[in-house]
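Observations on chain architecture
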Amino acid sequence: MTDATEKTATHFIHEIVEEDLRTGKYDGRVVTRFPPEPNGYLHIGHAKAICLDFGTALKYGGTCHLRFDDTNPEAEEEEYVNAIIEDVKWLGFDWGEHLYYASDYFEKMYDYAVELIKKGKAYVCTLSPEEFKEYRGIPTRLGKESPSRNRPVEENLDLFTRMKSGEFKEGEYVVRAKIDMSSPNLHMRDPAIYRIKHARHPHVGDTWHIYPMYDFAHCLEDSIEHVTHSLCTLEFEVHRPLYDWILDELDIYHPQQIEFARLNLTYTVMSKRRLLELVKDGHVNGWDDPRMPTLCGLRRRGYTADAIRHFCDTIGITKYESLTDVALLEHCLRDHLNKVAMRRMAVLNPVRMILENIPEGEVKTCTAVNNPEDEGAGTRELKFGREIYIERDDFMEEPPSKFFRLAPDRSVRLRNAGFVTCTGLEKDPDTGAVTVIRGTWTAPEEKVKVKGTIHWVSSEHAIDAEVRIYDRLFTVENPMDVEEGADWKDTLNPESLKVVTAKVEPTLADAAAGTPLQFERIGYFCADPDSTAVKPIFNRTVTLRDSWAKIAGKPGK
RNA sequence: UGCCCGAUGGUGUAAUGGUAGCACAAAUGGUUUUGGUCCAUUCAGUCAAGGUUCGAAUCCUUGUCGGGCAACCA
């Protein structure tokens, strides 16, 4: 554990934790929890919370619980539980024995509600949902008390018991905390704490006909687990008085809730509702579409857990609602990928090149370094012959001044394999497109003076691969910030996915899904889970930084 | 016309009454068998007005702007 007297905090939450450690507020314990509702997939915004929750426990020698906040059976599914477990593991965190379900506490919660009723601090209300809303008032107008508010305790108890046994229809009764209908905080105007739902619960089955509301359940979950610091996002700030009220009235163990700002990323939407809409409307191919900001989507795209954790460390924790540039995430990604990705050669937009001084049938070999950033990654042998493919963009018949690649009568280095000099070209007479580039090959020993290096694959040895070129999903920085009446989906990028058939070096035939690769001079890629040896499929994770694209004024992305 | 929270370069974030720093982005140059990486340099900031103080990003007041709160969702 970190020495409690040594200040190592980098943000206000850790300052609070360190202060609590100093004063012995929780006997030196640090217990946090990550409490997802299993009603959707985790996204990069959750990663920020996960890194904070688990990271805080790790830093201060405490524990972090993974707890499913499954208090609403209508929305929740087993499928999501499994996906969430997989994603948190993948991110690199370990909850040990501490996997919990809020639904396992339903009996205790019920007892606590009974206790509140007995204390005259809760009552069964007969108001319909519409009346409930009407009585609550609005921020600028006081609420008024429910006619049920002074129902005798015995009657409340009887009704609550019968609610539990399933005697009533949904919406017929609700249990409310008795607080203050004139509070300026709407959440304190006798909030509902239990409602009737005749729904089968994915974790506890048909045992219950009543389910606790978030505000009642969450503080109890934290209390039961002896959580010390209950970290959540800013929108729960106005709920904190209620969190405290319930624990105070029950006079039980009292964790402290601390709020921080959620993550917003440029060119991204983050809400579950909107992500669901993208999936349902077919704008993407499922929750794990590589364009999605979901953890499973990012994973399929080729993001590494390491990069995401580093990103979460870099953005910091504050109460200011910021919009983080997705370029920072991409920076963290490239930073990690550069260190670990195996270099390979792939030609995404091939054009044939004939090396006229290499006889037909002759096969040459060369040695290529797998990763210049990691000597341990070794080398590999590559074969080539008279005909190779090069990138169409690497040749220009009439090159501008700063173009360092191949052009008529010019020489360039062939990555790992000597040099070529362009001696001629053939064009399609109808379209004018270059069909064949002719040239001569020079061995690497010759040390030709050139300004550029291009990548290539051998026509005879290369294999075909499907390459999915992903780009950002939206065309504007903040898709949520649209004109009144406009649809945020109008800002979707119609070119967020382009599929091409590429020529790739044969070593790529058996690439394992997800393993980071760099297609040299192009970008980082990884094999898709759908990839097979017969039909390899690669996803573009992110481009390399491309200063030529800037010079040439191309979109580059 | 309610209550709560917030405001530091283009972006994100430090400085907790004592030299406004870091990262990303952008720009320039160097190295280079990836126009990648790496290295160097540059650009650029305390929302406003008062007050307290020898001294204010920091404390106080007022204002401005932004966000949140009116599910029997979480």
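Residues numbered from 1 in each chain as written. Chains lettered and ligands numbered in written order. Predicted model: local features only at pLDDT ≥ 70, side-chain atom pairs only at ≥ 80, totals over all residues. Heavy atoms only, no water.

**Points about the overall build of chain A**
Secondary structure assignment for chain A yields 13 helices and 25 strands. By the compact-globule yardstick of 24 Å for 557 residues, chain A is too spread out, its C-alpha radius of gyration being 31 Å. Out of the 557 residues belonging to chain A, those deemed buried represent 53%. Expressed as a percentage of contacts within chain A between residues at least 6 apart in sequence, the contacts between residues at least 24 apart total 70%. Carbon and sulfur atoms form 48% of the exposed surface of chain A, whose accessible area is close to 25,500 Å². Both charge centroids of chain A, one from 72 positive and one from 94 negative side chains, sit 4 Å from each other. (Helix = DSSP H or I, 4+ residues; strand = E, 2+ residues; numbered from the N terminus. Rg over C-alpha atoms; globule rule 2.2 N^0.38 Å. Buried < 20%, exposed > 50% of the residue type's maximum accessible area, 1.4 Å probe, protein only. Contact = heavy atoms within 4.5 Å. Areas by Shrake-Rupley, 256 points an atom, 1.4 Å probe, with all protein chains shown as cover. Lys, Arg positive; Asp, Glu negative; His and termini not counted. Charge placed at Lys NZ, Arg CZ, Asp CG, Glu CD.)

**What to know about the packing of helix α7 (residues 214-224) against helix α8 (residues 240-250)**
Between α7 and α8, the least distance of the axes is 9 Å, while the angle of their chain directions is 60 degrees. As α7 runs across α8, the sense of the crossing is right-handed. Touching Asp215, Phe216, His218, Cys219, Leu220, Asp222 and Ser223 of α7 are Leu242, Tyr243, Ile246, Leu247 and Leu250, all from α8. Within the contact of α7 with α8, the residues separate by chemical class into 8 nonpolar, 2 polar and 2 charged. (Axes fitted to C-alpha atoms, helices over the stretch in contact; angles between N-to-C directions. Left-handed = near helix turned anticlockwise from the far one by under 90°. Nonpolar A, V, L, I, M, F, W, Y, C, P; charged D, E, K, R; others polar.)

**Considerations on the sheet that holds strand β17 (residues 419-427)**
Strand order in this open sheet of 7 strands is β19-β16-β17-β18-β12-β15-β20, and the pairing throughout is mixed. Edge strands, defined here as strands with exactly one partner in the open sheet, are β19 (453-454) and β20 (456-458). Bridge count for β17 against strand β18 (residues 434-442) is 8 bridges, and the pairing is antiparallel. Note that in β18 the partner of Lys427 across the bridge is Val434. (Pairing = 2+ DSSP bridges.)

**Some details on the pairing of strand β2 (residues 63-68)**
With 5 of its 6 residues buried, β2 lies for the most part within the structure. This β-α-β element, strand β1 (residues 31-34) to helix α2 (residues 44-59) to β2, shows right-handed connectivity. Alignment of β2 against strand β3 (residues 99-101), held across 3 bridges, turns out to be parallel. Paired with Phe68 across the bridge in β3 is Tyr101. Tracing the backbone out of β2, into helix α3 (residues 78-91) and back to the parallel element β3 gives a crossover that is right-handed. (Right-handed = clockwise from strand over helix to strand, strands pointing away.)

**What to know about the sheet that holds strand β6 (residues 192-196)**
Taken together, 4 strands build an open sheet; the order of strands is β4-β5-β6-β7 and the sheet is antiparallel. Of all the strands in the sheet, the pair left with one neighbour each is β4 (122-125) and β7 (210-212). Shown here is a sheet whose adjacent strand axes are inclined to one another by a mean of 20 degrees, direction ignored. Both strand β5 (residues 174-177) and β6 contribute to a ladder of 3 bridges, which runs antiparallel. Opposite Val175, over in β6, you have Tyr194 as the bridge partner. Each of β4, β5, β6 and β7 touches helix α4 (residues 106-118); the most contacted strand, β6, lies at about 120 degrees to it.

**Concerning α7**
The buried count for α7 comes to 9 of 11 residues, which makes it a mostly enclosed element. Where α7 is concerned, the buried positions are Asp215, Phe216, Ala217, His218, Cys219, Leu220, Glu221, Asp222 and Ser223. At the exit of α7 stands His226, carrying a positive phi of roughly 55 degrees.

**A short note on a negative patch on the surface**
There is a patch of like negative charges on the surface, built from Asp111, Glu115, Asp248 and Asp251. Following the sequence through the fold, Asp248 ends up in helix α8. (Patch = residues over 30% accessible without salt bridge, like charges linked within 9 Å, V, L, I, M, F, W, Y side chains within 5 Å. Salt bridge = Lys/Arg side-chain N within 4 Å of Asp/Glu carboxyl O.)

**Looking at the protein's contact with RNA strand B**
Residues in close proximity to RNA strand B total 68 residues, the closest being Glu15, Glu321, Arg405, Gln518 and Arg521. Take Glu373: an N or O atom from its side chain is 2.9 Å from a base nitrogen of RNA strand B. Within the side chain of Arg405, a nitrogen or oxygen atom sits 2.5 Å from a base nitrogen of RNA strand B. Elements represented by at least two residues in the surface near RNA strand B include exactly α5 (129-136), β6, α12 (326-340) and α13 (547-552). Class assignment of the residues belonging to the surface near RNA strand B gives a composition of 26 nonpolar, 19 polar and 23 charged. (Near = heavy atom within 4 Å. Polar contact = N/O pair within 3.5 Å; in protein donor to acceptor, adjacent residues only side chain to side chain.)

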